[in-house]
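If you want the building blocks of each chain, they are given just below.
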Amino acid sequence: MTEVLAENHIPLESYADVVGAGEIEELRALAKPLRGRSIEMINSTAVGGGVAEILNRLVPLAEELDLHIRWDVMQGAEEFFDVTKSFHNALHGEPYLAKLQDFEIFLSYNEQNRKMLPLDAEFMVIHDPQPAALIDGRPSGSNHWVWRCHIDLSHPNRAVWDFLEKFVSRYDAVMFSSPEFSRQLTIPQYLFYPAIDPLSEKNCPLDAEFVQQVLDRYQIDPQRPILTQISRFDRLKDPVGVIRAYRIVKRYFDCQLVLAGGSASDDPEGALVLKDVLRAADHDPDIKILELPAWAPLEVNALQRASTIVIQKSLREGFGLTVSEALWKKKPVVASAVGGIPTQIIHKHTGLLAHSVEGTAYQIRFLLSHPEIAAKLGENGHQHVKENFLITQKLKRYLALFLMLDRGQ
Amino acid sequence: MNAAETPFDFVTASYLTRIGNQSAGNLSDLLTGLEHCSDASIFHHTFQTLGVHHFLTEGFSNDFAQWTLSSTNRNDLAEQLAALDIRDYTSIAALRTDLCRVVRDFCDVHPQFASQSGLERFYFCESVEVTVPLARSARNLDEFQEGLQHLSHAGFYFHFISSRLRLQLQTNDFSHWLSASLGLRTLADSINHIDVYTNTLDSARAKMLRLIDRERRKG
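Everything numeric here is computed off the predicted structure, so don't read it as measured data.

### Focus on the overall build of chain A
The helix and strand tally for chain A stands at 15 helices and 13 strands. The C-alpha radius of gyration computed for chain A amounts to 21 Å, which stays within 12% of the reference 22 Å derived for 409 residues, consistent with globular compactness. Counting only C-alpha atoms and orienting by the principal axes, one finds that chain A spans roughly 65 × 55 × 35 Å. Split into buried and exposed, the 409 residues of chain A put 52% on the buried side.

Structure, rendered in structure tokens:
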């Protein structure tokens, strides 16, 4: 287990310009009864992926509220991350033949990590399946353990879920990104949204000049519609389906497609998917496939801001924070009605939902034909994110959760 | 300026959404869910959702109406569900009775639509309210206006919308205090008549502040 020291600290007061001084005052009021209380967050990666991104922002803000918070990352060799990637895909419903050895590897690394820390913070927050078995190290005292699951458990592989459930059911509560992911459990289950940081490099306002530089760098024409999907090269994000939708739209509109993403450190399949995407693109000069380094937040920000429409055509999705990122930038979004996406896209209010390649193409054509509706959806989407999916709201939910657990509500 | 014996204590609230065990795949399931879900669930999908989605001032009223529209495409039923105004209710039981009546009547008249699957399922959830006092109270109109200006959306929602149910009154915390403690009944009534469906929380607050300004000028 390694402690992570979060980077790029932004003072809490800086968020007052975005969310209002009243929100900051109320965060301080909610945190007051929790001052000095200990909290430990544990996940499996310090870099790449939405969870690490959120914790990098959340931990310093919680410290500023005088909470005694630390963030630890599990240690594991390649064999562990291969197993957890298989588990991840299996929990998303992909075919997987459960092997006894995989479960043994999973338990062995959990045990090794368990020995490295006392796990005695008053509030233990364990993120995702990788460290779920750390609950075996729960001290006999009265600390609170909650499991935050960021992935879609609506159609899990039975063997993997049955294995995990033995651990999960021993937590005090579980938090999911969508009610669709909830399971039949005897412990309380809560809806907990991920969040974006409006002041991070990925979401902060940018100069038009910088946006133009990024477009020039990747030879993207700002005069023609730009359709963009930002996501890892992962089959569950259906990048090939996006290319098929683009080809339908292309019959009617002279548009470009940008597929931009990088691979998270715990995602060994990315390179294989990228090959499939390049094959599907078939050297079309209007399809830009950009393999960005793990953290290229300013480029992602610029690409989203330059987009005419942002797409998130996932087959399965934990939450899909790229949707909130695009909405924050007032972009019209066309996305699949899976996982946490319908929470962000209230159909016809904050964006448009689709259920197929053809449906995605149709909604894109509709928005390209009705820019005034696209603008209204983008404006509503921005407000929706401001109310529900900013890091300050996330912090508020955690404070409410800890208060609720503490009060035994 | 009048000073109240009982101060108005500003509070902030944060809400957690607890996922329930019921869900609906069609209108018939929705009716069953409405009949059996907890009071906290009815509150969550009507009162609470209005606060969460306050910025949608066109065509959004409650989660039941939105799901009926977007997942089952039954505009007529969605309209009837949306037309139920939470300000008319002082108990969840009465609101539940009307929600059930509207859905039951529709299913009786259109049995062919009652079992038709929606695009997405509806999940019954509940709100868990966690409140904390703010270090701010008011004994007169000036202090009240000051406190109102500094309140977050959650705090404003707590006092202005969810209070109706908590107090089981056809009013809200603000109007109740202005009337009962400062004797400002006309101002209290005007504030109570601000439409929570066609205003955002910000525009409702702005109207309230204008009404208070007008009252102060009278004094």
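### A closer look at the overall build of chain B
Scanning chain B for helices and strands turns up 11 helices and two strands. Overall, chain B shows an N-to-C arrangement of helices and strands of β-α-α-α-α-α-α-β-α-α-α-α-α. Counting the 219 residues in chain B, one finds 45% classified as buried. Once local pairs closer than 6 in sequence are excluded, the contacts in chain B between residues at least 24 apart make up 70%.

### Quick look at the domain arrangement of chain B
Residues and elements named next belong to chain B. Once the domains are mapped, chain B shows domain 1 (14–125) and domain 2 (133–218). The C-alpha-based centres of domain 1 and domain 2 are spaced at 28 Å. Each partner contributes residues to the interface: domain 1 has 13 residues there, and domain 2 has 15 residues. Ranked by residue count, the leading element in the side of domain 1 that touches domain 2 is helix 2 (residues 39–52), at four residues. A per-class count over the side of domain 1 that touches domain 2 returns five nonpolar, seven polar and one charged.

### Some words on the pairing of strand 11 (residues 309–312) of chain A
Two faces belong to every sheet, and in a regular strand the side chains alternate between them. All names here are of chain A. A two-sided burial pattern is seen for strand 11, the buried positions comprising I309 and I311 on one face and V310 and Q312 on the other. With two bridges connecting them, strand 8 (residues 226–230) and strand 11 associate as parallel partners. Each bridged residue has a counterpart across the sheet, and for T228 the counterpart in strand 11 is V310. Where strand 11 meets strand 12 (residues 333–336), three bridges bridge the pair, whose relative direction is parallel. In the sheet register, I311 faces strand 12, and the bridge partner there is V334. The parallel pair strand 11 and strand 12 is bridged by helix 11 (residues 321–328), and the resulting crossover is right-handed.

### Here we look at the sheet that holds strand 8 of chain A
Strands belonging to one sheet form pairs held by backbone hydrogen bonds; the direction of such a pair is parallel or antiparallel. Residues and elements named next belong to chain A. The parallel open sheet is built from six strands, whose spatial order is 10-9-8-11-12-13. At either margin of the open sheet sits one strand with a lone partner, and together these are strand 10 (287–291) and strand 13 (352–354). Geometrically, the sheet is characterised by an average inter-axis angle of 20° between neighbouring strands, direction not taken into account. Of the pairings in the sheet, the one linking strand 9 (residues 256–261) to strand 10 comprises five bridges and is parallel in character. Each residue of the ladder has a partner; that of G261, found in strand 10, is E291. Strands strand 8, strand 11 and strand 12 of the sheet are contacted by helix 11, whose axis makes an angle of about 165° with strand 12.

### Topic: the interface of chain B and chain A
Counting from both sides, the interface comprises 27 residues of chain B and, opposite them, 36 residues of chain A. Looking at the side of chain B that touches chain A, the elements with two or more residues in it are strand 1 (8–24), helix 3 (63–72), strand 2 (122–138) and helix 8 (153–167) of chain B. Of the residues in the side of chain B that touches chain A, the class split is 15 nonpolar, nine polar and three charged. Taken together, the two bridges between strand 7 (residues 189–191) of chain A and strand 1 of chain B define a ladder with antiparallel strand orientation.

### Let's talk about the sheet that holds strand 1 (residues 2–3) of chain A
What the nine strands build is an open sheet, ordered 1(A)-3(A)-2(A)-4(A)-5(A)-6(A)-7(A)-1(B)-2(B); its pairing is mixed. Whereas interior strands pair on both sides, the edge strands pair on one side only; in this sheet they are strand 1 of chain A together with strand 2 of chain B. Judged from the three bridges that link them, strand 6 (residues 173–176) of chain A and strand 7 of chain A form a sheet pairing that is parallel. Pairing of M175(A) across the sheet is with Y190(A), part of strand 7 of chain A. Running at roughly 135° to strand 2 of chain B, helix 7 (residues 141–150) of chain B makes contact with strand 1 and strand 2 of chain B of the sheet.

Calculation rules
Residues numbered from 1 in each chain as written. Chains lettered and ligands numbered in written order. Predicted model: local features only at pLDDT ≥ 70, side-chain atom pairs only at ≥ 80, totals over all residues. Helix = DSSP H or I, 4+ residues; strand = E, 2+ residues; numbered from the N terminus. Rg over C-alpha atoms; globule rule 2.2 N^0.38 Å. Buried ≥ 20, exposed ≤ 12 C-beta atoms within 10 Å, placed from the backbone. Contact = placed C-beta atoms within 7 Å. Domains from an automatic or database assignment. Nonpolar A, V, L, I, M, F, W, Y, C, P; charged D, E, K, R; others polar. Pairing = 2+ DSSP bridges. Right-handed = clockwise from strand over helix to strand, strands pointing away. Axes fitted to C-alpha atoms, helices over the stretch in contact; angles between N-to-C directions.

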